[in-house]
Amino acid sequence: MSELRKTYEGGVFFLTLTVVGWMDVFTRPLYVNEIVKSLQFCQQKKGLELYAYVIMTNHLHLIARRTEGELSEVLRDFKSFTAKQLLNLLLTNPQESRKDWMEMVFRYHGATTQQNDRYAFWQKTNHPIELTSPSVILQKIEYIHQNPVRAGFVQEPHEWQWSSANPQSPVKVLAF
């Protein structure tokens, strides 16, 4: 297993996408559903192949690849689109009690990043780790599926709704 700064066509990668400041954004179904819709769109229209995933309160893990084109391009588009959508949802949601605080954090992180003109939602890096053997892939799938168990949200991985460990998960994954 070697850590790369970039992905490449056909490679299988373990990825972590994290909200700036590790803010617990994905505690409300409205926001999680936006991630789900965007993942599904990327699967259907952008060639994203998912093998495992979990959406936690402030980050998501993926095992993914793209056989035609760079995975990093899909991730860039996914992060850009979801950042805009989620910021709009968060900042216009009348039921969002954390709105002012969250806006302040997003603005702070946006001011410290050259790529953003006003707000930053996602941390810049996806921490791609190339997965080169079946045993490492299985280890990372286990890590992903155990994430909500380790966090104390559920007793068993299949109980977490926003995970490929759950048979009723709204995001479908490919088998290895």
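Scroll up to find the structure.
Computed from a prediction, not measured in an experiment: that's the story for all the values here.

1. Notes on the overall build of the protein
A tally of helices and strands in the protein yields four helices and four strands. The linear arrangement of helices and strands in the protein, starting from the amino end, is β-α-β-β-α-α-β-α. Along the first, second and third principal axes, the C-alpha atoms of the protein reach 45 × 35 × 25 Å. Sequence-distant contacts in the protein: of pairs separated by 6 or more residues, those separated by 24 or more amount to 71%. If you sum the accessible surface of the protein, you get close to 9400 Å²; carbon and sulfur atoms cover 51% of it. Counting 19 positive and 17 negative side-chain charges, the protein places the centres of these two groups 5 Å from one another.

2. Describing unusual backbone geometry
A positive phi angle is found at Trp22, which is not glycine, with a value near 50 degrees. Counting through the fold element by element, Trp22 comes out in the loop between strand S1 (13–18) and helix H1 (29–45). Residues other than glycine seldom take positive phi values, yet His127 does so here, at roughly 50 degrees. In this structure, His127 sits in the loop between helix H3 (99–111) and strand S4 (129–130).

3. Thoughts on the environment of Thr92
Along the chain, Thr92 falls in helix H2 (residues 71–92). Expressed as a C-alpha distance, the spacing of Thr92 and Ala52, which sit 40 residues apart in the sequence, is 32 Å. A polar contact is formed between the side chain of Thr92 and the backbone oxygen of Asn88, at a distance of 2.5 Å.

4. Brief notes about the nonpolar core
In this structure, Val25, Phe26, Phe106, Phe121 and Trp122 are the most contacted members of the largest nonpolar core, which totals 53 residues. When residues of this core are traced back to their parent elements, those giving at least two are S1, H1, strand S2 (49–55), strand S3 (59–65), H2, H3 and helix H4 (134–150). Per-element tally for this core: the top contributor is H2, with eight residues. For Phe106, the contacting residues outside a window of four places in its chain are Val19, Val20, Met23, Val25, Leu87, Leu90, Arg118, Tyr119, Ala120 and Phe121.

5. Here's the deal with the pattern of salt bridges
Counted according to the given criterion, the structure contains eight salt bridges. We note a salt bridge from Lys37 to Glu34, for which the minimum N-O separation is 3.4 Å. One end of the pair, Lys37, and the other, Glu34, are both in helix H1, three residues apart, so they sit about a helical turn from each other. For Asp77, the salt bridge goes to Lys46, with nearest N and O atoms at 3.0 Å. On the criterion of sequence distance, the pair formed by Asp77 in helix H2 and Lys46 in the loop between H1 and S2 is long-range, its members being 31 residues apart. Overlapping salt bridges bring together Arg28, Glu96 and Arg98 as one network.

Thresholds, definitions, all that
- Residues numbered from 1 in each chain as written.
- Predicted model: local features only at pLDDT ≥ 70, side-chain atom pairs only at ≥ 80, totals over all residues.
- Heavy atoms only, no water.
- Helix = DSSP H or I, 4+ residues; strand = E, 2+ residues; numbered from the N terminus.
- Contact = heavy atoms within 4.5 Å.
- Areas by Shrake-Rupley, 256 points an atom, 1.4 Å probe, with all protein chains shown as cover.
- Lys, Arg positive; Asp, Glu negative; His and termini not counted.
- Charge placed at Lys NZ, Arg CZ, Asp CG, Glu CD.
- Polar contact = N/O pair within 3.5 Å; in protein donor to acceptor, adjacent residues only side chain to side chain.
- Core = buried A, V, L, I, M, F, W, Y, C linked by side-chain atoms within 4.5 Å.
- Buried < 20%, exposed > 50% of the residue type's maximum accessible area, 1.4 Å probe, protein only.
- Salt bridge = Lys/Arg side-chain N within 4 Å of Asp/Glu carboxyl O.

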